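Coordinates in review
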Amino acid sequence: MTLATLTDVLRPALRDGYAVGGLVTLGWEDMRAYVHAAEAEGLPVILQAGPSCRKHTPLPVLGKMFRHLADSVSVPVVAHLDHGYTFDECREALDSGFTSLMFDGSRLSLSENIDQTARIAEIAHAADISCEGEIGFVGYAQGENSQGTDPEEAAKFARDSGVDAMAISVGNVHLQQNQEGGLDEARIRAIEAATDVPLVIHGGSGVPPAQRSALARNSSICKFNIGTELRMVFGQALRDAVASDPDRFDRVQILSDVEAPIVTAARSVLRAIGPV
């Protein structure tokens, strides 16, 4: 089995100058495609179960799916809870075999965020798994506005919460379908100067690929979360598969045609931020 913790894959990335893809999963077809892509590239991958995924499939089932997939390949696979909002949800993920817990306290005050994240970090470390937290608030395209991460608050959060990785808000936005924006590199450098914790970019799909690659190799950003970009590939491949034969109704046949385009897209994402 190649099941790994977040620390297992991010510390080498920080040391050697690359980043790991946190690929957002929604179901069996995409998560299987992601591990096949990682195996083909010889790179680690972080399988992420966010709120949408958990709404569709219970955490105990997702834990078994992630662990089964990790057992099928030779590269490190992290089973990661993305945007856990409560202690009970994080505890359930831990009990379900996840190897990394991301507690999202970004809507809380700094002191509440630190206290609640530290509690999650404590149970994670007691179980020899990892914890990611978020400081600042990463907003949503056509939704809530972002609140940029303050470097001094980031230093305090990293020190007092005990997280193994820290998600920051530096111009990134969730669910962005275009790549016309860019990250605030001056703010990134200020945060880097204040802490040595590996940094995480949520909403990585909206970051121009050239900037993703450059920051992966020249900053403390060790994890880019990619969801929307790959979901768009899935959606187009599914439309193409249905349109290719309107008489087909068997979902297994239809979804079998979807996997190859996702593997190709995921390989490109992983390769672009991986080691040179």
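One numbering rule holds for all chains: residues counted from 1, following each sequence as written. Residue-level local features of this predicted model are given only where pLDDT is at least 70; pairs of side-chain atoms are given and counted only at 80 or more, and the full residue set underlies all totals for whole chains, interfaces and linings. To get the side-chain values, all heavy atoms of the structure are used, and hydrogens and water are removed first.

1. So, the pairing of strand 4 (residues 77–84)
Only protein chains enter the area calculation, which uses a 1.4 Å probe; residues under 20% of their type maximum are buried, those over 50% are exposed, and those in between are partly exposed. Only runs of H or I of at least four residues qualify as helices and only runs of E of at least two qualify as strands under DSSP, and these elements are numbered from the N terminus. Of all eight residues making up strand 4, eight are buried, and the element is well covered by its neighbours. Note that strand 1 (residues 3–4) and strand 4 share two bridges and pair parallel. Across the sheet, the residue bridging to Leu3 is Val77, located in strand 4. When DSSP finds two or more bridges between a pair of strands, those strands are recorded as paired. Sheet topology places strand 3 (residues 45–49) next to strand 4; five bridges connect them, and they run parallel. Following the sheet pairing, Ile46 is matched in strand 4 by Val78. Taken together, the three bridges between strand 4 and strand 5 (residues 100–103) define a ladder with parallel strand orientation. By the bridge assignment, Gly84 is partnered in strand 5 with Phe103. By the criterion used throughout, a crossover qualifies as right-handed when its path from the first strand across the helix to the second strand runs clockwise, the strands pointing away from the viewer. Note on the crossover from strand 4 through helix 5 (residues 87–95) to strand 5: the handedness is right-handed.

2. Side note on the side chain of His80
Note on placement: His80 falls in strand 4. Residue classification places His80 among the buried residues on the basis of a relative accessible area of 0%. Identification of polar contacts relies on pairs of N or O atoms within 3.5 Å, with a donor-acceptor requirement for protein atoms, meaning one able to donate a hydrogen and the other able to accept it, and with residues adjacent in sequence counted only if both atoms are side-chain atoms. Here Ser100 takes part through its side chain, which lies 2.7 Å from a polar atom of the side chain of His80. Contacts are residue-level and defined by heavy atoms, with any inter-residue pair within 4.5 Å sufficient. Residues contacting His80, with those up to four places away along its chain left out, are Leu6, Ile46, Leu47, Gln48, Ala49, Phe66, Phe98, Ser100, Leu101, Met102, Glu132 and Lys223.

3. Re the UniProt feature "binding site: Zn(2+) 1" (unreviewed entry) in the chain
According to UniProt, the feature "binding site: Zn(2+) 1" (unreviewed entry) maps to His83, His174 and His202 in the numbering used here. If you trace the backbone, His83 turns up in strand 4. Looking at His83, the relative accessible area reads 5%, which means it is buried. UniProt positions are given in the numbering used here, feature names are shortened, and annotations may be inferred rather than shown by experiment.

4. What to know about helix 5
For helix 5, every residue scored as buried is listed here: Cys90, Ala93 and Leu94. Buried positions in helix 5, seen along its axis, are confined to an arc of 100° and lie on one side of it. Away from the buried face of helix 5 by more than 90 degrees, exposed residues Asp88 and Asp95 are located. Those residues of helix 5 that are buried lie in contact with helix 4 (59–71), strand 4, strand 5 and helix 6 (110–126). By construction, the arc corresponds to the directions joining the helix axis to the C-beta atoms.

5. Things to note about the pattern of salt bridges
A side chain with one charge may pair with a side chain of the opposite charge, provided their charged atoms come close. Within this document, salt bridges are pairs made up of a side-chain nitrogen of Lys or Arg and a carboxyl oxygen of Asp or Glu, the two lying within 4 Å of each other. With the rule as written, the count across this model stands at 13 salt bridges. The partner of Glu259 in a salt bridge is Arg32, with the nearest N and O atoms 2.9 Å apart. In this pair, Glu259 sits in helix 12 (residues 259–273) while Arg32 sits in helix 2 (residues 28–41), placing the two residues 227 residues apart along the sequence. Its relative accessible area of 28% is what places Arg32 among the partly exposed residues. Arg187 is paired through a salt bridge with Asp184; the nearest N and O atoms lie 3.7 Å apart. Assessed through its relative accessible area of 29%, Arg187 is described here as partly exposed. On the basis of relative accessible area, Asp184 is assigned to the partly exposed category, the value being 32%.

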